[in-house]
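Examining the three-dimensional arrangement
What follows is the residue order along each chain.
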Amino acid sequence: MATPMGTVDLFDQGYVSDPFPVWDALREDAPVHYEPDTGLWLVSRYDDVRAILLDTDTFLPDNAMDAIGRFSIPTLRVLAKARFALPPTLASNGGESHAGYRRVMTRLLNARAVAASVPMIERVTGECLDLAEERLAADGVCDLATTPARDVPLLVLLRLLGLDQALDAGLDTLARWSDASLELFWGRPDAGRQLELAGEAADFYRWIRGLVAGPAAGEDTLLGALAAHRLPGGGPLSAAQSAAVLYFMIIAGQATTRQMMSLMYRRALGEPGLWRRFAAEPAGVEPWAEEMLRREPPITTWRRVTARPVTVRGVDIPAGAPLLLMLASTGSDPDVFENPERLCLERSNRRGHLSFGVGRHRCSGAELARAEAGVMLRMTAARLPDLRLVDAASAPAMPALLSFRAPLRVLAERGPAERR
């Protein structure tokens, strides 16, 4: 199918590093664009994406967790041996059971629970900043993409969901399992890499099944809430259903926040004067972080599938067509956000972005992510106002994933005047 855009290689390193020109061109020239390489229909304008997310009868979430590529037979064998299964629970669930799962997560991650957790977030952030300072003192450099960007969200999530026992696996292992799962399902690994990733995902899933089968937990924890939860027919969740919720939440609840913080740290440290301004004027952190969520979110796209033939922006789309909603593109739509390339702290509609979705599948952890961003940026700037990027002039390496974008490393050092 010919389009004004030609081909958009969603896994090209040039696109991953700087997708903004492609997003701009899509919105302007091909707001509904068919990409033959993946079979996806790319939808990039704000109004269209918002309407699709709100119309859950026509645009189903069933494909949200599908792997991008086909798994090889050896990969399928590795997953089958672990009894790996992801039945519809949250992101990919368009059925009547979704509301119940959603209530479970809302009880644990609602605004009141997040507000009550702020002292804990501050304590965890302080501990991780202690480690960052130790590394700076010992090595002269620290990777903010690990401590604190990786460790704070993971520790906070596990404690907030009552999964402290998960720490026995170790932060490095949990992060490795999470990254492997993202690459397996949202990347395009070759056959050898796919098999390696499948082994990690299988180990992750076995470990989660062990948590599900463990001792009974209180209902104020995720495991306890899942054990007490009843499906619309009155029956309890199966082990596979509970495991699917844990698998999704442990990945989505911390990996995306880690990616968000890596993007924010790099951007804040890379803009002249901004980091020291955060240290001197911490009230500016939250509006700036919200603008970053609008302009450069870690989740760039999400998927839907058409339940029937539809017409979007004058383009006929058949039933069963997989759509790729360009969430990050919508945050730069000039019809909605004036001068979208500017991070404007006075923007009145800065919370109107779609980076957390909208409607019944809106991200349950949105307020937690906002709280973590505010705490982490404020505390890091206050503790380390002289921090600067080591490699500010070079483009950061980023993984080629369909729906996730963030630098793999954010190397920082202390400024010359403050170094010992």
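Everything below is about the structure printed above this text.
Residues numbered from 1 in each chain as written. Predicted model: local features only at pLDDT ≥ 70, side-chain atom pairs only at ≥ 80, totals over all residues. Heavy atoms only, no water.

**What about the pattern of salt bridges?**
Just so we agree on the cut-off: Each salt bridge in this description consists of a side-chain nitrogen of Lys or Arg and a carboxyl oxygen of Asp or Glu lying within 4 Å of one another. For the exposure calls, accessible area comes from a 1.4 Å probe over protein chains only, and a residue counts as buried if that area is under 20% of its type's maximum, exposed if over 50%, partly exposed in between.
Throughout the structure, instances matching the rule amount to 27 salt bridges. The closest approach of N and O atoms between arginine 150 and aspartate 151, which form a salt bridge, is 2.6 Å. Taken as a pair, arginine 150 and aspartate 151 share a single burial class, namely buried. Across the pair arginine 266 and aspartate 391 runs a salt bridge whose closest N-O atoms are separated by 3.3 Å.

**Digging into empty space enclosed by the protein**
Selection criterion: We place a 1 Å grid over just the protein atoms. Points where a 1.4 Å probe fits but has no way out form a cavity, open points with protein on both sides within 12 Å along at least 5 of 7 lines form a pocket, and any residue with an atom within 4 Å of a point lines it. Grid points are joined across faces, edges and corners, and a volume is the space filled by probe spheres set on the points. Here a helix means four or more residues in a row that DSSP labels H or I, a strand means two or more in a row labelled E, and each is numbered from the N terminus. Polarity classes work like this: nonpolar for Ala, Val, Leu, Ile, Met, Phe, Trp, Tyr, Cys and Pro, charged for Asp, Glu, Lys and Arg, and polar for all others, with Gly in that last group.
Going through the model one piece at a time under the given rule, you end up with 4 cavities of 30 Å³ or more. What the largest cavity holds in volume is close to 730 Å³. Taken together, 40 residues form the lining of the largest cavity, with Phe248, Ala252, Ile299, Cys363 and Ser364 sitting closest to its centre. At 5 residues, helix α11 (residues 239-252) tops the list of elements feeding residues into the lining of the largest cavity. Residue classes in the lining of the largest cavity are distributed as 27 nonpolar, 9 polar and 4 charged.

**A few points about the side chain of glutamine 241**
Cut-off, in case you're wondering: Contacts described as polar in this section are N or O atom pairs within 3.5 Å, which, within protein, must combine one atom able to donate a hydrogen with one able to accept it, while residues neighboring in sequence count only if both atoms come from side chains. Any pair of residues with heavy atoms lying within 4.5 Å of one another is described as a contacting pair.
Here glutamine 241 lies in helix α11. A distance of 2.8 Å separates a polar side-chain atom of glutamine 241 from the backbone nitrogen of serine 238. Beyond its immediate sequence surroundings of up to four residues, glutamine 241 is in contact with Pro87, Thr89, Tyr101, Leu231 and Pro236.

**Focus: the state of the cysteines**
We count it as follows: Throughout, disulfides are identified as pairs of cysteine sulfur atoms within 2.5 Å of each other.
On inspection of all chains with the given rule, the structure shows 0 disulfides. Not part of a disulfide, cysteine 128 finds its nearest cysteine sulfur in cysteine 142, a span of 10 Å.

**Some thoughts on the sheet that holds strand β10 (residues 411-414)**
Stated formally: Criterion used throughout: strands pair if DSSP finds at least two bridges between them. Lines are fitted to the C-alpha atoms to define the axes, a helix being fitted only along its stretch in contact, and any angle between axes, read from their N-to-C directions, falls within 0 to 180 degrees.
The 3 strands lie next to each other as β4-β10-β9, forming an open sheet whose pairing is antiparallel. Edge strands, defined here as strands with exactly one partner in the open sheet, are β4 (142-143) and β9 (387-389). Direction of pairing for β9 relative to β10: antiparallel, over a ladder of 3 bridges. Across the sheet, the residue bridging to leucine 389 is alanine 412, located in β10. Across the sheet, helix α12 (residues 255-270) touches β9 and β10, and the angle it forms with β9 is around 100 degrees.

Don't take any of this as a statement about function, it's just geometry.
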